[in-house]
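# Report on the structure
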Amino acid sequence: MRSIRLALSVVAATLIAAGAARAAEVEVDMMNMGKHGMFQLEPSFLKIAPGDTVHFVAKDKGHDVESISGMLPDGAQPFKGEMNKDTSVTFTKSGVYGIKCNPHYGMGMVALVVVGDPSSNLKAAESVNQPGKAKKAFEELFKQIDQ
């Protein structure tokens, strides 16, 4: 009986470690000037798995990162990073997440993170009214979901 418990403990520990090893970490840079112009989150489009972590790195001053109201799956926690500070977010719920730099939102400094299956809130996220250049940026980002 003791050897069975020990064997089960080893199997459980191995499965937990394997799950943790599969979780990916991705970096997104908050920048004044990126590949596609001024005020960019790069990359601005990510497809990740539930449990993956995104590190938003403040490469330049004057930026923060936060979730956009109406662009989160049900049950997902909104987040808001501090100005000029790196922010790490672990995405656990499948769906579409809209991300913005609050000071430069209207200038199109946005990103779209697709976690697992986007269908749970895709239509709702697409219907969120976006200011200024963010509208065009999100139109282009949503096109990448099926690619």
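A brief structural summary. Nothing here was measured: the structure is a model prediction, and the numbers come from that model. (Residues numbered from 1 in each chain as written. Predicted model: local features only at pLDDT ≥ 70, side-chain atom pairs only at ≥ 80, totals over all residues. Heavy atoms only, no water.)

### Considering the pairing of strand β7 (residues 95–100)
The element β7 is largely enclosed, with a buried count of six among its six residues. In this sheet, β7 lies alongside strand β5 (residues 66–67) in antiparallel orientation, the contact comprising two bridges. What sits directly across from E66, in β7, is K100. As paired strands, β7 and strand β8 (residues 110–115) are joined by six bridges and run antiparallel to one another. Within β8, the residue paired with K100 across the bridge is V110. (Buried < 20%, exposed > 50% of the residue type's maximum accessible area, 1.4 Å probe, protein only. Helix = DSSP H or I, 4+ residues; strand = E, 2+ residues; numbered from the N terminus. Pairing = 2+ DSSP bridges.)

### Structural notes on the pairing of strand β2 (residues 37–42)
Here strand β1 (residues 25–34) pairs with β2 via five bridges, running antiparallel. Bridge assignment links D29 to a residue of β2, and that residue is E42.

### Remarks on the sheet that holds β5
One open sheet accounts for four strands, arranged β3-β8-β7-β5; its pairing is mixed. Strands with a single pairing partner mark the edges of an open sheet, and in this sheet they are β3 (45–48) and β5. Bridge count for β3 against β8 is four bridges, and the pairing is parallel. Residue pairing across strands places K47 opposite V114, the latter belonging to β8. Against the sheet, helix α3 (residues 132–143) contacts β3, β7 and β8, and its axis sits at roughly 30° relative to β8. (Contact = heavy atoms within 4.5 Å. Axes fitted to C-alpha atoms, helices over the stretch in contact; angles between N-to-C directions.)

Read these as spatial facts, not as claims about activity.
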